[in-house]
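The lines below spell out each chain.
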Amino acid sequence: MKKKTLDHSAYGGVPGEKYHPYIGKHDGLGGSAVIMIIGAVLAIIFAASTAYSGMKAGLTVSAGIPGAILGSGLVAAFAKKKGILGVNLIQGMSSGGESIASGMIYVLPAIVLIGRKINFFYGFLVGVAAVAFAIGVSNIVYNYLIITEHGILKYPESMAIAETIVASEAGGESLKMMGLGFGIGGLITLFTNQFLGLFNSTISFSSKKFYKWSMSTEVNPMLLGLGFIIGMKVSLIMMAGMLFARFAVGPLISYFIAMAGSNWHVWDNASIQLSQANADVVISSYLKYIGAGMMLGGGIIGAIKLIPAIKQSISATLKAKKSASGKNSDKGSSILLLSGIILILVLAFFFSNNNIVIMLLGGILSILLSFLFVIVSARMAGLIGASNNPVSGMTIASMVILTLIFALCGWTNTDHVQILLTFGVFIVTAISVGSGYMQTQKVSFVIGGSKNEMSKYYLIAGTIGTIVVVGTMVLLEPQLRITGSNPPFALPQANLIAALTQGIMSNKLPWVMIISGLVLAVTFEMFGLPVMAVALGFYLPASTTSIIFIGALVRLIIEKLTKDKSTRDHRVSSGISLSSGLVAGASILGLIGIFLHVFGVLKDKTLTGFFASNEMAWVLLVIMLICVMWPLFRIHDSQSKKDAKE
């Protein structure tokens, strides 16, 4: 009879070679046509929703646990014989789609921001090359990171996913909450400006007098769900960054520029007289670049902190090479690695206009940086989980190195910047896939799944995710080009990468603002604050940061008002499932709505009267909060005890 919980040995205490997985060794394969179809559908959903939420708020959520919850329900309904192994493959494919989006949103939209178009063919092939390369590199250190380091590297998210798969009750209650969240998120999105546009969904306040400021909150279920998931600590720091930007730095800049003479204009917009610049202009032309400097500083600090991990990862690679058995250094992994290298070099030749020097220097440097950081990323997943992996730091470090090399070689025009960014897409996608893939393989190892089978399914999911993400960005190009103080997509990471590469190449960055942001980043680091969280709050629209904070506040209220620990834990875990549904439902409906607007199926509406007012948005916010909090407060201790007995 199978155990109903993971054995303590899953967390360590025994050598990896002697660990007996949950279902035992050699218990068969979990794949089938039905499992593949279910996994492909979830890979599409999580790739699309992650791309949307990442471009909107700069935040992403790991798909492992939601994928496991959905997989449990779908396997029970359509592929019961495949059981836990089928669920394992489905969560892996969910993660595969999500990891592509989590990487590509950093760099790929930057091509649009420099005034160029995303080439679907090149984008797809670069993504596939990165997936194959990352899986091949990760498999080199699989034996060391997963088996030799079993119990030493904790893989916290992997163990949470494995526990979710094992828990027999996870599929039922959690699946219902995810479905409820999907419905709430989709329904609210349906009636707002992202889809039908029947109600105003933004609460706005501003002052144009002596103390100039602007503040807004978007009634967005996706962002509310993100706030609930990430919790109060990070949300509060982001909120602090927003308040610092909007109510301290912004008003100060507005005060001093109001003294400018009539001949002075906004530095990046000659049509606006400096003394007449309102709060929105100050935000888009000044605060944005200070925030970019802060994110750059956070990335550099993160990269410096990675130096010990880099040393350990290099050592681990050498040990893995010495100790790798035939089983873990299979030909398939070597083929994937070699295929990724050849494909990116061939692509580099074509998208560099047959320039062999750029192909060799840029291609080889990209491969070396990717090789190094994929290994670091795979190891960091074992320490802090894929969701907390410092992808930004590794990406920024790589892009700075590449940009400086390009600048030194004189490759500084817009064509060269586009080539540089395409190399960057390969690097960041490989880094993101490296952590997501190794996290998934740890789940498979603990459960008892096949390593090689997971590799194949993850590769397929990554390919599907690449099609979805690149295709989505191609279709959304008109939306991605919109700038200002409250754009439809904030694109914080992509804006940073675009500004950084173009600025270094042309030496036209507003360096005073960038350097000020760097100094602020160092200052916040000295205070012991997480710099990237502060920088995101400083950079993102207030409408985004504030609703994320409200989501975290909902979680805090539930935690504080629930005295019984078991009930509190049950409500919070159910809230996370519901929030995952909010993110998925609102993202998918939001994407569909934007596509329908882009293709002219839906027309933009001009609201008037009450439906266009702040009061309407307040009503919508109250309705959304009731819909989210009511089902969570209906969970009581008796229900928790009943679930525990089952």
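Look above for the structure.
Residues numbered from 1 in each chain as written. Predicted model: local features only at pLDDT ≥ 70, side-chain atom pairs only at ≥ 80, totals over all residues. Heavy atoms only, no water.

1. Quick look at the overall build of the protein chain
So, point 1. When you go through the protein chain residue by residue, the secondary structure sums to 23 helices and four strands.
So, point 2. Sequence-distant contacts, at least 24 apart, represent 84% of the contacts inside the protein chain between residues at least 6 apart. (Helix = DSSP H or I, 4+ residues; strand = E, 2+ residues; numbered from the N terminus. Contact = heavy atoms within 4.5 Å.)

2. A look at the packing of helix α1 (residues 33-57) against helix α3 (residues 83-113)
So, point 1. Where α1 meets α3, the closest approach of the two axes is 7 Å, and the angle between their N-to-C directions is 30°. What the angle tells us is that α1 and α3 run roughly parallel. Relative to α3, α1 is oriented so that their crossing is right-handed. (Axes fitted to C-alpha atoms, helices over the stretch in contact; angles between N-to-C directions. Parallel < 35°, antiparallel > 145°, perpendicular 65-115°, else oblique. Left-handed = near helix turned anticlockwise from the far one by under 90°.)

3. Points about the pairing of strand β1 (residues 202-207)
So, point 1. Sheet topology note: the β1/strand β2 (residues 213-218) ladder contains six bridges and is antiparallel. From the neighbouring strand, S206 faces β2, where its bridge partner is S214.
So, point 2. With antiparallel pairing between neighbouring strands as the criterion, β1 and β2 make up a hairpin whose turn holds five residues. (Pairing = 2+ DSSP bridges.)

4. Thoughts on a nonpolar patch on the surface
So, point 1. On the surface, F210, Y211, L252, Y255, F256 and M259 cluster together into a nonpolar patch covering about 720 Å² of accessible area.
So, point 2. Examined against the element boundaries, L252 turns out to sit in helix α8 (residues 221-257). (Patch = residues over 30% accessible without salt bridge, like charges linked within 9 Å, V, L, I, M, F, W, Y side chains within 5 Å. Areas by Shrake-Rupley, 256 points an atom, 1.4 Å probe, with all protein chains shown as cover. Salt bridge = Lys/Arg side-chain N within 4 Å of Asp/Glu carboxyl O.)

5. Description of the side chain of S254
So, point 1. Along the chain, S254 turns up in helix α8.
So, point 2. For S254, a relative accessible area of 3% translates into the label buried.
So, point 3. Those residues in contact with S254 that sit more than four places away from it in its chain are K212 and V282. (Buried < 20%, exposed > 50% of the residue type's maximum accessible area, 1.4 Å probe, protein only.)

6. Focus on the environment of Q493
So, point 1. Relative to the elements of secondary structure, Q493 occurs in helix α17 (residues 492-506).
So, point 2. Each C-alpha atom of the pair Q493 and I45 lies 22 Å from the other, and the pair is 448 residues apart in sequence.

7. A look at the nonpolar core
So, point 1. Ranked by size, the top nonpolar core spans 199 residues in total, and within it L287, L421 and M473 carry the most contacts.
So, point 2. Here the element with the most residues in this core is helix α14 (residues 414-447); it accounts for 18 residues.
So, point 3. Dropping the residues within four chain positions of it, L287 is found in contact with A245, V249, G250, I253, V282 and F538.
So, point 4. Of all hydrophobic cores here, the second largest spans seven residues; its members include M215, M242, A542 and F549. (Core = buried A, V, L, I, M, F, W, Y, C linked by side-chain atoms within 4.5 Å.)

8. So, α1
Each α-helix turn comprises 3.6 residues. Residues three or four places apart therefore point the same way.
So, point 1. In a regular helix each residue adds 1.5 Å, so 25 residues correspond to 36 Å; α1 covers 36 Å between its end C-alpha atoms and thus fits that length.
So, point 2. In terms of burial, α1 is a largely internal element, 18 of the 25 residues being buried. (Expected span 1.5 Å × (residues − 1).)

9. A look at the environment of I335
So, point 1. Checked against the element boundaries, I335 lands in helix α11 (residues 331-351).
So, point 2. In sequence terms I335 and M104 are 231 residues apart; their C-alpha atoms lie 24 Å from each other.

10. Observations concerning helix α19 (residues 531-539)
So, point 1. Most of α19 is tucked away: eight of the nine residues are buried.
So, point 2. Listed in full, the buried residues belonging to α19 are V531, A533, V534, A535, L536, G537, F538 and Y539.
So, point 3. Structurally, α19 contributes buried residues whose contacts are with α1, α8, α9 (279-305), α17, α18 (511-526) and α20 (542-561).

11. Here's the deal with the pairing of strand β4 (residues 269-273)
So, point 1. Bridge count between strand β3 (residues 265-266) and β4: two bridges; the pairing is antiparallel. Note on β4: the bridge partner recorded for V266 is N269.
So, point 2. Counting the residues in the hairpin turn of β3 and β4 gives two residues.

12. Comments concerning unusual backbone geometry
So, point 1. One non-glycine residue, N353, adopts positive backbone phi at about 55°.
So, point 2. Note on placement: N353 falls in the loop between α11 and α12 (356-384).
So, point 3. On the basis of relative accessibility, which here comes to 60%, the residue N353 falls in the exposed class.

13. Some details on the pattern of salt bridges
So, point 1. What the rule picks out here adds up to six salt bridges.
So, point 2. Residue R116 is joined to D415 by a salt bridge in which the shortest nitrogen-to-oxygen separation is 2.7 Å. With a gap of 299 residues between them, R116 in the loop between α3 and α4 (120-140) and D415 in helix α14 connect regions that are remote in the sequence.
So, point 3. Judged by relative accessible area, which is 25%, R116 ranks as partly exposed.
So, point 4. By relative accessible area, which is 35% here, D415 ends up partly exposed.
So, point 5. A salt bridge links E559 to R555, with the shortest nitrogen-to-oxygen separation between them at 3.3 Å. Taken as a pair, E559 and R555 lie in helix α20 at a separation of four residues, close to a single helical turn.
So, point 6. For R555, a relative accessible area of 17% puts it in the buried group.

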